[in-house]
Amino acid sequence: MEKHPTILGVFSGVLGTILVAIAVWLTVVYTGAYNVAASDQHFDAVRWSFDTTMRRSVASRAGGADLPQNPFENLVAEGAGYYAESCAQCHGGPGKDPAEWSRGMRPEPPHLTEAATEWTGEEIHWIVTNGIKMTGMPAFGGRHSSEEITAIAAFVSALPGLTADDYTRLTGSAQGPAEETPSSDARGPAEPPAEAIQPPSE
């Protein structure tokens, strides 16, 4: 007669598997077997695990932000200033590469001209506010007002629609004397083109 596994037998098998997995995990942790050097790429499985966990975590929490559907031009321009000061070195912009030292970070900060299309406005707002652990992305919420966070999120959402000239006009005055542009003269800050304030299409 064919024997079927009992509930106790199945439970014992599952418990055994869990205990083995815990033993392997603790062995890796306490022996230092995993290379944490930023000069070494993550294993594919580790990179996938971190990336998927991060994206699902953000998506499940990024709700309730009161964001304007069509941001005013001055809001995007304000966000550009904060972005140039605190974000561009890691994330770059249209026609502007990130700082070379940021390419040694693991994970490598995404170039937001392309990557911003992968997130909703609410998700961008949540990331700017709360940061992301183990990525180097800081939480700006504790040091910036809600209005400033909204301006940064509006600008990042608009990034994929900006040209290199648009980006230079918007951020030039915030980059200091070393990178003077025509927009930083007595005429005052440049205004973004109309298309720059439109959120990326889904």
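Residues numbered from 1 in each chain as written. Predicted model: local features only at pLDDT ≥ 70, side-chain atom pairs only at ≥ 80, totals over all residues. Heavy atoms only, no water.

1. Comments concerning the overall build of the protein
We apply this condition: Helix numbers and strand numbers start at the N terminus; a helix is a DSSP run of H or I with at least 4 residues, a strand a run of E with at least 2. Residue burial is assigned from relative accessible area. The probe radius is 1.4 Å, only protein chains are included, and a residue is buried under 20% of its type maximum, exposed over 50%, and partly exposed in between.
Of the regular secondary structure elements, the protein holds 8 helices and 0 strands. Listing the helices and strands of the protein from first to last along the sequence gives α-α-α-α-α-α-α-α. Out of the 202 residues in the protein, the part that is buried amounts to 30%.

2. A word on the confidence of the model for the protein
This is how it is decided: The pLDDT score gives, residue by residue, the confidence of the prediction method on a 0 to 100 scale. Between two residues, a contact is recorded if the distance between any of their heavy atoms is within 4.5 Å.
A residue-level look at the protein finds 83% of positions with pLDDT of 70 or above and a mean pLDDT of 84. Contacts of residues 173–190 to residues separated by more than four positions or lying in other chains number 20 contacts, the stretch itself having pLDDT below 50. Scored below 50 in pLDDT, residues 192–197 makes 11 contacts in the model with residues more than four places away or belonging to other chains.

3. Focus on the packing of aromatic side chains
The criterion, for reference: Only rings of Phe, Tyr and Trp enter the pairing, Trp through its six-membered ring, and a pair is recorded when the two centres are within 6.5 Å. The plane angle decides the type: under 30 degrees is stacked, over 60 is edge-to-face, the rest tilted.
In this structure the tally under the stated criterion is 4 aromatic pairs. Plain terms: the ring middles of Y83 and F155 are 5.2 Å apart, the flat faces sit at 55° to each other, and that makes the pair tilted. Of this pair, Y83 sits in helix α3 (residues 73–86) while F155 sits in helix α7 (residues 146–158), and the two are 72 residues apart along the sequence. Across the pair, exposure class does not vary: Y83 and F155 are buried alike. Summarising the aromatic geometry, the rings of Y83 and Y167 are spaced 6.3 Å apart at their centres and angled 90° between planes, so their arrangement reads as edge-to-face. With Y83 in helix α3 and Y167 in helix α8 (residues 164–171), this residue pair connects regions lying 84 residues apart in the sequence. Neither residue differs from the other here; Y83 and Y167 are each classed as buried. Three or more aromatic residues link up through ring pairs in this structure, and these residues are Y83, F155 and Y167.

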